[in-house]
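Here's the letter readout for the chains.
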Amino acid sequence: MDSRETARFAAMMTKSADLKRRIATELADTVVKVVDACETSLRAGGKLLFCGNGGSAADSQHLATEMLIRLRGSHERPSIAALALTLDPAMLTACGNDYGYDRVFERPLRGLGRAGDVLFGITTSGRSGNVVKALAAAREMGIVTVGMLGGSGEPALSLCDLALLVPDTETARIQECHIALGHAVLELLEDRIVARPLA
């Protein structure tokens, strides 16, 4: 057994746990505000939209699916309107080819998004150009913008109505916090919807 690897593993887990403990206090009020925004949107007939690249694209699909299908087996409720803008390879490649990769989320958002929806822009650096463009378009369209960010969060941070900023620069640790934050938002939202179903 390599003691260096076991120590490295322990350091990874400790850092991840320490970050989660930190955001548990620092982001609690913002998480509740994000849940408020999502509930307001859904009760008005809106939807939740998600976008991101790479692991953040996977998180977008993961979170949208948990609303559309099921988050917790113990909570039975109707499907909730949610969409990941990363799902359609034909759309992504067509937009990348015709308009450029930096517009692959902004272009479909303009067709699918409506005022009062909520867009979650997920970027561990805060610098993903296509996420930044989507957030800017959402602002123009009257869509509530939520950033799930890392690092300094900029330039995405300046385009977010609400920001869940993980105070670190290590991509893997930020992603671990992003999915934990996403699950927390959706569980709290689901609790409200189960208690008082959508019309």
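In this numbering scheme, every chain counts its residues from 1 along its sequence in written order. Where totals are concerned, whole chains, interfaces and linings use all residues; where local detail is concerned, this predicted model gives features only for residues with pLDDT of at least 70, and gives and counts side-chain atom pairs only at 80 or more. Side-chain figures throughout are based on the complete set of non-hydrogen atoms in the structure, without hydrogens or water.

Asker: How would you summarise the nonpolar core if you had to cite specific residues and measurements?
Answerer: Core analysis: the biggest nonpolar cluster contains 34 residues, and Leu48, Phe120 and Leu189 have the highest contact counts within it. For helices the rule is a DSSP run of H or I covering at least 4 residues; for strands it is a run of E covering at least 2, with both sets numbered from the N terminus onward. Residue contributions to this core peak at eight residues, all from helix 7 (residues 171-195). Put simply, buried Ala, Val, Leu, Ile, Met, Phe, Trp, Tyr and Cys residues joined by side-chain atoms within 4.5 Å make one nonpolar core. Each residue is placed in one exposure class: buried if its accessible area under a 1.4 Å probe, protein chains only, is under 20% of its type's maximum, exposed if it is over 50%, and partly exposed if it falls in between. Counting 19 residues, the second largest nonpolar core, distinct from the first, contains Leu49, Ala138, Leu159 and Cys160.

Asker: Can you tell me about the packing of aromatic side chains, naming the residues and giving the values?
Answerer: Any Phe, Tyr or Trp ring, taking Trp's six-membered ring, that has another such ring centre within 6.5 Å forms a pair; planes under 30 degrees apart are called stacked, those over 60 apart edge-to-face, and the others tilted. Scanning all chains against the criterion turns up one aromatic pair. Where phenylalanine 50 meets phenylalanine 120, the ring centres are 4.8 Å apart and the plane angle is 15°; that geometry is what we call stacked. Highlighted residues: phenylalanine 50 in strand 1 (residues 48-52) and phenylalanine 120 in strand 3 (residues 118-123), separated in sequence by 70 residues. Taken as a pair, phenylalanine 50 and phenylalanine 120 share a single burial class, namely buried.

Asker: If you had to explain helix 4 (residues 89-98) to someone new, which residues and values would you point to?
Answerer: With one of ten residues buried, helix 4 is to be regarded as a mostly surface element. Its side-chain oxygen 2.9 Å from the backbone nitrogen of alanine 90, aspartate 88 forms the N-cap of helix 4. Glycine 100 sits one or two residues past helix 4 and shows a positive phi near 105°. Pairs of N or O atoms are called polar contacts if they sit within 3.5 Å, as long as, within protein, a hydrogen donor faces a hydrogen acceptor (for residues adjacent in sequence, only side-chain-to-side-chain pairs).

Asker: Quick rundown of unusual backbone geometry? Include the residues and the values.
Answerer: Each neighbour pair has its own omega, and for glutamate 154 with proline 155 the value is 5°, a cis peptide bond. Mapping proline 155 onto the fold places it in the loop between strand 4 (144-150) and strand 5 (162-166).

Asker: An account of the sheet that holds strand 1 is needed here, citing residue identities and associated values.
Answerer: At least two bridges found by DSSP between two strands is the condition for calling them paired. Sheet architecture is open: five strands sit in the order 2-1-3-4-5, paired in parallel fashion. Of all the strands in the sheet, just strand 2 (82-84) and strand 5 have a single pairing partner and so form its edges. The average angle at which neighbouring strand axes cross in this sheet is 15°, direction not considered. Pairing of strand 1 with strand 2 involves three bridges; the strand directions are parallel. By the bridge assignment, leucine 49 is partnered in strand 2 with leucine 83. Every axis in this analysis is a line fitted to C-alpha atoms, fitted for helices over the stretch in contact. Angles between the N-to-C directions lie between 0 and 180 degrees.

Asker: An account of helix 6 (residues 129-141) is requested, with residue identities and associated values reported.
Answerer: Its 13 residues give helix 6 an end-to-end C-alpha distance of 18 Å, which sits within 8% of 18 Å, the value for a rise of 1.5 Å per residue. Here, two residues are considered to be in contact whenever any of their heavy atoms come within 4.5 Å of each other. Summarising the contacts, the buried residues of helix 6 are in contact with strand 1, helix 5 (106-112), strand 3 and strand 4. Of the residues flanking the end of helix 6, it is glycine 142, one or two places downstream, whose phi is positive at about 80°. Take the number of residues in a helix, subtract one, and multiply by 1.5 Å to get its expected span.

Asker: Would you mind going over the pattern of salt bridges in detail, with residue names and values included?
Answerer: By convention in these notes, a salt bridge is any Lys or Arg side-chain nitrogen within 4 Å of a carboxyl oxygen on Asp or Glu. As enumerated under the stated definition, the model contains 21 salt bridges in all. The closest approach of N and O atoms between arginine 70 and glutamate 76, which form a salt bridge, is 2.7 Å. We note a salt bridge from aspartate 102 to lysine 133, for which the minimum N-O separation is 4.0 Å. Taken as a pair, aspartate 102 in the loop between helix 4 and helix 5 and lysine 133 in helix 6 lie far apart in primary sequence, 31 residues in all. Of the residues examined, aspartate 102 reaches a relative accessible area of 34% and is grouped as partly exposed. Take lysine 133: its relative accessible area is 36%, and that puts it in the partly exposed class. One connected set of salt bridges, linked through shared partners, spans Lys15, Asp168, Glu170, Arg173 and Glu176.

Asker: Explain the state of the cysteines to me, using residue names and the numbers behind them.
Answerer: Put simply, a disulfide is two cysteine sulfurs that come within 2.5 Å. Overall, the coordinates contain zero disulfides when judged by the stated rule. Note on cysteine 38: no disulfide assigned, nearest cysteine sulfur contributed by cysteine 160 at a separation of 13 Å. Left unpaired, cysteine 51 is separated from the closest cysteine sulfur, that of cysteine 160, by 9.9 Å.

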